[in-house]
Amino acid sequence: MPGGQTDLLTPLNSNRAGAGASARRTGSTVMAAVSLFKAVVGTGVFAYPPAVREAGWVLATAVACFFFVINLYTMALLNLAIVAMRQKGFGADSDGRVEYHQLTAHIFTRPTNAVFLVVAVLGQVLTLASMTVFVVDQIVPLAPSVHEWQVALGMAVIVSPLCCLRTTDALPFQMSMQLGSVAVLTGMVTLLWYGLGPHGGFDAAEIEGDSRVEFRGLATAFSISAMMYSAHMESVSIEQDMVNRPAYLRTLVTTQAGIGLLYMGFGCAVYFCFGTAT
């Protein structure tokens, strides 16, 4: 075996030392679909309705569809790359487990991989910064007693430790996923209840200008949609835990299609319920 592969296999196998020659996989197809759903659907679902308001529901939907295809394609390529590594013997003693950072280390040379790591980290930092600005802009007007720096500090305390995790197996990541799922579901139900329920949301909606296409909002729709479907690192762990790994691609396509319909349907529903107040 070439020396480059040996360097990667050593930490991969040693991380599973004492777990037996083959790690036991317990994830079903349904569990994988649920995990993918939880990994993708987050606060972005609340950022999308304002994008619909700014860009119009037709243009915002078109941009969301574009990034849906891009993210689905790249996540599928990621899985195919891992399958190819397994066929070359990677992770043979650990049930074919290949972590995300080991994949990039194998694909790129050492200097290039370092650049890739810096770009990836910088991208995550900028994404978190933009999300913080969005949350501050939404929360501060609703709670005048809360200052912008307090909201930013609270988010930093919660989110920053998660940025240091190299895998999705860590307990803090799993706990944040559970808490996030409950928070997102509660928020979605609340918005739809007040929008479609007996509270005058739909009837009181005010829609100005062309509600279909507003090119002035293209940048907003672009920046929000770019991150809505992304869960590349999480998808690696999800696929590796599946009992029937060959079924992962079909599960990925089906789940992402459902998520896409949820995002776009929710965004348009909120906009038509609340109009300019979205």
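All values derive from a computational prediction rather than experimental measurement.

Once that is clear, we can look at the overall build of the chain. If you tally the helices and strands in the chain, you get 11 helices and 0 strands. Burial analysis of the chain (278 residues in total) assigns 36% to the buried set. Sequence separation of at least 24 residues holds for 83% of the intrachain contacts in the chain that already meet a minimum separation of 6. Summed over its atoms, the accessible surface of the chain is roughly 15,400 Å², and 69% of this surface lies on carbon and sulfur atoms.

Turning our eyes to something else, we now look at the side chain of Thr251. Among the structural elements, Thr251 can be located in helix H11 (residues 248–274). Look at Thr251 and you get buried, because its relative accessible area is 5%. Polar contacts involving the side chain of Thr251 include one to the main-chain carbonyl oxygen of Ala247, which spans 2.8 Å. Beyond its immediate chain neighbours, meaning those up to four positions away, Thr251 contacts Thr29, Ala32, Ala33, Leu36 and Met242.

Another aspect to go through is the packing of aromatic side chains. The relation between two aromatic rings is expressed through the spacing of the ring centres and the mutual angle of the planes. Under the criterion given, the structure shown has 6 aromatic pairs. For the ring pair Phe66 and Phe67, a centre distance of 5.1 Å and an interplane angle of 80° mean the geometry is edge-to-face.

What follows is about the pattern of salt bridges. What the rule picks out here adds up to 6 salt bridges. Where Arg216 meets Glu54, a salt bridge forms, and the shortest distance between an N and an O atom there is 3.2 Å. Residue Arg216 is located in the loop between helix H8 (171–196) and helix H9 (218–225), and its partner Glu54 is located in helix H3 (residues 44–55); the two are separated by 162 residues in the primary sequence. For Asp241, the salt bridge goes to Arg97, with nearest N and O atoms at 2.6 Å. Taken together, the residues span a long stretch of sequence, with Asp241 in the loop between helix H10 (232–240) and H11 and Arg97 in the loop between helix H4 (57–87) and helix H5 (100–107) at a distance of 144 residues. Its relative accessible area of 31% is what places Asp241 among the partly exposed residues. Judged by relative accessible area, which is 6%, Arg97 ranks as buried.

A separate point is empty space enclosed by the protein. Taken as a whole and assessed by the stated rule, the structure comprises 1 cavity of 30 Å³ or more. Volume-wise, the largest cavity comes out at about 30 Å³. Lining the largest cavity, in full, are Met75, Leu78, Asn79, Ile82, Ser235, Val236, Glu239 and Tyr248. Listing elements by their share of the lining of the largest cavity, those giving two or more residues are H4 and H10.

In this model helix H2 (residues 29–40) runs 17 Å from its N-terminal to its C-terminal C-alpha over 12 residues, within 8% of the 16 Å that 1.5 Å per residue would give. Taken together, the buried positions of H2 are occupied by Ala32, Leu36, Ala39 and Val40. Relative to the axis of H2, the buried residues are bounded by an arc of 90° and lie together on one face.

Right, let's talk about the confidence of the model for the chain for a bit. Summary statistics for the chain give a mean pLDDT of 75 and a share of 72% for residues scoring 70 or more. By mean pLDDT, helix H1 (residues 3–14) is the weakest element of the chain at 39, and H4 is the strongest at 90. Low confidence marks residues 1–22, where pLDDT is under 50. Its contacts with residues over four positions away, or in another chain, come to 30 contacts.

Of all the 9 residues making up H10, 8 are buried; the element is thus mostly covered by neighbouring parts of the structure. If you check which residues of H10 are buried, you get His232, Glu234, Ser235, Val236, Ser237, Ile238, Glu239 and Gln240.

Core analysis: the biggest nonpolar cluster contains 36 residues, and Tyr48, Met228, Tyr229, Leu252 and Tyr263 have the highest contact counts within it. At the level of secondary structure, the elements contributing two or more residues to this core comprise H2, H3, H4, H9 and H11. When residues of this core are assigned to their parent elements, the largest contribution, 9 residues, is made by H4. In this structure, Ile82, Met85, Phe90 and Val236 belong to the second largest nonpolar core, which totals 7 residues.

Criteria and thresholds
Residues numbered from 1 in each chain as written. Predicted model: local features only at pLDDT ≥ 70, side-chain atom pairs only at ≥ 80, totals over all residues. Heavy atoms only, no water. Helix = DSSP H or I, 4+ residues; strand = E, 2+ residues; numbered from the N terminus. Buried < 20%, exposed > 50% of the residue type's maximum accessible area, 1.4 Å probe, protein only. Contact = heavy atoms within 4.5 Å. Areas by Shrake-Rupley, 256 points an atom, 1.4 Å probe, with all protein chains shown as cover. Polar contact = N/O pair within 3.5 Å; in protein donor to acceptor, adjacent residues only side chain to side chain. Phe/Tyr/Trp six-rings, centres within 6.5 Å; stacked < 30°, edge-to-face > 60°. Salt bridge = Lys/Arg side-chain N within 4 Å of Asp/Glu carboxyl O. 1 Å grid on protein atoms, 1.4 Å probe; cavity = no way out; pocket = protein on both sides within 12 Å on 5 of 7 lines; lining within 4 Å. Points joined across faces, edges and corners; volume = space filled by probe spheres on them. Expected span 1.5 Å × (residues − 1). Arc of directions from axis to C-beta. pLDDT = per-residue confidence, 0-100. Core = buried A, V, L, I, M, F, W, Y, C linked by side-chain atoms within 4.5 Å.

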